[in-house]
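Spelled out from the first residue to the last, the chains are:
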Amino acid sequence: MQAHSTLQRLKPGRTVTLVGTLGIVFGDIGTSPLYAMRVAFSGPHAIAPSETNILGVLSLIFWSLIVIVCLKYAAIMLRADNRGEGGIMALVSLASRAAIDSPRRRRVIVLIGLVGAALFYGDGILTPAVTVTSAVEGLAVVAPKLNEFVVPVTLAILTLLFLLQRKGTSRVGRLFGPIMLLWFSCLGILGARSILVTPEVLAAANPWYGARFLIEEEWYSLVVLGAVVLVVTGAEALYADIGHFGVRPIRMAWFAVALPALLLNYFGQGALLLRESEATQNPFYLLAPEWGALPLLVLATITTVIASQAVISGVFSTTLQAIQLGYLPRVRIYHTSLFFPGQIYLPVVNWLLLAAVFTLVVQFESSQRLAAAYGIAVTGTMVITSLLAFFVFKRLWQWRWMTSLAVVGCFLIIDTAFLMANSLKFTQGGWIPLGVGVVLFTVMTTWQQGRTLLGKRLNERAISFETLLMRFHADPPRRIPGTAIYLTAGRRGVPQSLLNNLAINKILHERVIVLTVIVKDVPWVPRSERIKIRHFGDELYRVKIYFGFNQEPNVPDALALCKERDLEIDLANASFFFSREAVISTPRPGMALWRERLFIRLARNTESAMDFFKIPPDRVIELGTVVEI
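The notes below deal with the structure included here. As a convention, each chain's residues are numbered from 1 in the sequence order in which they are written. Thresholds applied to this predicted model are a pLDDT of at least 70 for local features of residues and 80 or more for the giving and counting of side-chain atom pairs; totals over whole chains, interfaces and linings are not thresholded and use all residues. For side-chain calculations, the full set of non-hydrogen atoms in the structure is used, while hydrogens and water are omitted.

1. Brief notes about the packing of helix α5 (residues 51–76) against helix α10 (residues 207–217)
Okay, so step 1: As a rule, the C-alpha atoms of each element are fitted with a line to give its axis, helices using only the stretch in contact, and angles between N-to-C directions run from 0 to 180 degrees. Helical segments are the DSSP runs of H or I of at least four residues, strand segments are the runs of E of at least two, and each set is numbered from the N terminus. Two elements in contact, α5 and α10, have axes whose closest approach is 7 Å; the angle formed by their N-to-C orientations is 115°. The hand of the α5/α10 crossing is left-handed. Here Thr 52, Asn 53, Leu 55, Gly 56, Val 57, Ser 59, Leu 60 and Trp 63 of α5 come into contact with α10, specifically with Pro 207, Tyr 209, Gly 210, Arg 212, Phe 213, Leu 214, Glu 216 and Glu 217.
Okay, so step 2: Note on residue classes: Ala, Val, Leu, Ile, Met, Phe, Trp, Tyr, Cys and Pro are nonpolar, Asp, Glu, Lys and Arg are charged, and everything else, Gly too, is polar. Split by residue class, the contact of α5 with α10 holds eight nonpolar, five polar and three charged. By the definition used in this description, the sense in which the near helix is turned from the far one sets the handedness, with an anticlockwise turn below a right angle giving left-handed and a clockwise turn giving right-handed. Every residue pair with non-hydrogen atoms within 4.5 Å of one another is taken to be in contact.

Written out as structure tokens, the structure is:
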């Protein structure tokens, strides 16, 4: 935590952080006023804009924001950070730690968490497609002849957005933050003007109006909830992006800026509908005076592009955590900020995400068709977050059983209702995020099980250090000057690369270090806990280096710490030996053949350990070995 604390002290001023947070975290939830009320009162499943219905829907919107965003995420879930990092994978680590005494329960928690992570990727693909397409369609309202250019312009804007990612979320936040601050200001001003004309709309803050609407509308209320849930899409980003800015800036931005602006705008739209029932076609834009319609449309267009950023940042964070925890193959990772270690850029993920978004835009062509798929992934992730939170509340925070059950039960009732409402959209495109989730879940579980199986096969061949020393004493090998560092994923025994080198070359360096890099399920491992060394005699050492899942695994820098433990390593005269495993699929018990083949394909395309661990290529020697799984 020492390095992390130093970085915290280097953070820029609060105002800059607050504005940057608005640009990164609240883009998705901040654009919901554009369509949430309109979807409820217009379209094929619209309800009549009567006073009872308007106040009922508005009451549901108000209490959804209070209970889901304010209580669940801002007040409670932001406390469930894993040493400064949030998101579904961080929550899995916390929940797994709470179930450490039960391996079976731990496996169930991990599987539930992987489902949530997979669904989050589905949302990461849909959000840019929906928001940017809707923005470009808004421009077509001003110039109808441009309608045929909607898809090409959408693809061009998406390309620019994803190109910006390599600049890092800090720079993107400084660019987007002031725009979002202007956007929320406009939301609040437009809503307040309307409320002053019809103040009786404030009665919708009474939960009775929402409850009465649900009772009177019965099953049809599920259809309306499909529109209401749009006001909380993006809430998961508050939790997922803790590592980008920290808890305090996110809470300040939400309670001081975003929440008041959103509530004022929703109530303002409700007040407008109470006065003019014909305004249902577009209550948001009709809040503005005639002279402000065009500027508002331009601002809304820019803002909906920004909305994609929150999800993209969350996808990067989730991917990094999944890689470090062993659920996804290694990819190249760039840290883009000296002040916030959680700000990263993953090129492979960025371009795969862009390709998937491109496919959706070309296939569906309109935001109306894309919107049918929106919501299932979000509400599914919300349900899983609540389930995992129960283990954290009960076992890690030591809450009473009834307290944990009551809090989580309240959240689950609302989350499940939203999930059921969105499940009605399955055949209209809701299968897309579920399909993406199934694919990602399969990849993650296959990679994790494959790595476990590979380690088991390697351990079957391994011999102990004690056995190796006995061989040295019985038949001493020729020792040559220098240090040999053998990297291995195994946590015990002698690596196959060392045995192969000894068998082929009949020599051994005067100093031999068997090195294992271990990523713990915490975001940061302090310097004092980074290195563990065991000396077996005859200059044979076992060194373990520990990193957190949000730390850059730089092996040369970590090995320099060995000097503090009386083991000085001259890296200029050291050679790193890697064992490159050629994995072969076999019918042996372990995994299904098709999953073994998928694992082999993933393993062939993973980033090399040499690059991932920042080891100089001119000091690396690779020794191949064949492993049957």
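2. Quick word on unusual backbone geometry
Okay, so step 1: In this model, Asp 566 sits at a positive phi of 65°, which is unusual for a non-glycine residue.
Okay, so step 2: Each residue is placed in one exposure class: buried if its accessible area under a 1.4 Å probe, protein chains only, is under 20% of its type's maximum, exposed if it is over 50%, and partly exposed if it falls in between. Among the residues examined, Asp 566 registers a relative accessible area of 75% and is labelled exposed.
Okay, so step 3: Even without a glycine there, the phi angle at Lys 614 is positive, about 60°.
Okay, so step 4: Given a relative accessible area of 33%, Lys 614 falls into the partly exposed group.

3. What about the packing of helix α18 (residues 376–396) against helix α19 (residues 401–423)?
Geometry of a packed helix pair, given as the angle between the helix axes and the separation of the axes.
Okay, so step 1: Their axes nearest at 8 Å, the elements α18 and α19 cross at an angle of 170°. Between α18 and α19, the crossing angle belongs to the class labelled roughly antiparallel.
Okay, so step 2: Tallied by class, the residues present in the contact of α18 with α19 amount to 15 nonpolar, seven polar and two charged. Any angle that is under 35 degrees is reported as roughly parallel, and any over 145 degrees as roughly antiparallel; angles of 65 to 115 degrees are reported as roughly perpendicular and all others as oblique.

4. Comments concerning the side chain of Thr 31
Okay, so step 1: Here Thr 31 lies in the loop between α3 (27–30) and α4 (36–41).
Okay, so step 2: Aside from chain neighbours lying at most four places away, what touches Thr 31 is Trp 183, Thr 303, Thr 304 and Ala 307.

5. Focus: the side chain of Asp 415
Okay, so step 1: Following the sequence through the fold, Asp 415 ends up in helix α19.
Okay, so step 2: Among the polar contacts listed, one links the side chain of Asp 415 to the side chain of Ser 386, at a separation of 2.7 Å.
Okay, so step 3: Excluding residues within four positions of it along the chain, Asp 415 makes contact with Ile 68, Lys 72, Met 382, Val 383 and Ser 386. Polar contacts, as used here, are pairs of N or O atoms within 3.5 Å; protein pairs need one atom able to donate a hydrogen and one able to accept it. Residues neighboring in sequence count only if both atoms are side-chain atoms.

6. Re the environment of Thr 133
Okay, so step 1: Its location among the elements puts Thr 133 in helix α7 (residues 103–142).
Okay, so step 2: Thr 133 gets classed as buried once you look at its relative accessible area, which sits at 1%.
Okay, so step 3: For Thr 133 and Thr 304, which are 171 residues apart along the polypeptide, the C-alpha to C-alpha distance reads 8.9 Å.

7. Describing the nonpolar core
Okay, so step 1: In plain words, nonpolar cores are sets of buried Ala, Val, Leu, Ile, Met, Phe, Trp, Tyr and Cys residues tied together by side-chain atoms within 4.5 Å. By size, the foremost hydrophobic cluster in this structure holds 178 residues, and its most contacted members are Phe 26, Val 57, Leu 65, Trp 183, Phe 184 and Trp 254.
Okay, so step 2: By residue number, the principal contributor to this core is α5, which donates 16 residues.
Okay, so step 3: If you look at the next biggest cluster of nonpolar residues, it comprises 18 residues, including Tyr 486, Val 512, Phe 536 and Leu 540.

None of the figures reported here should be taken as evidence of function without further support.
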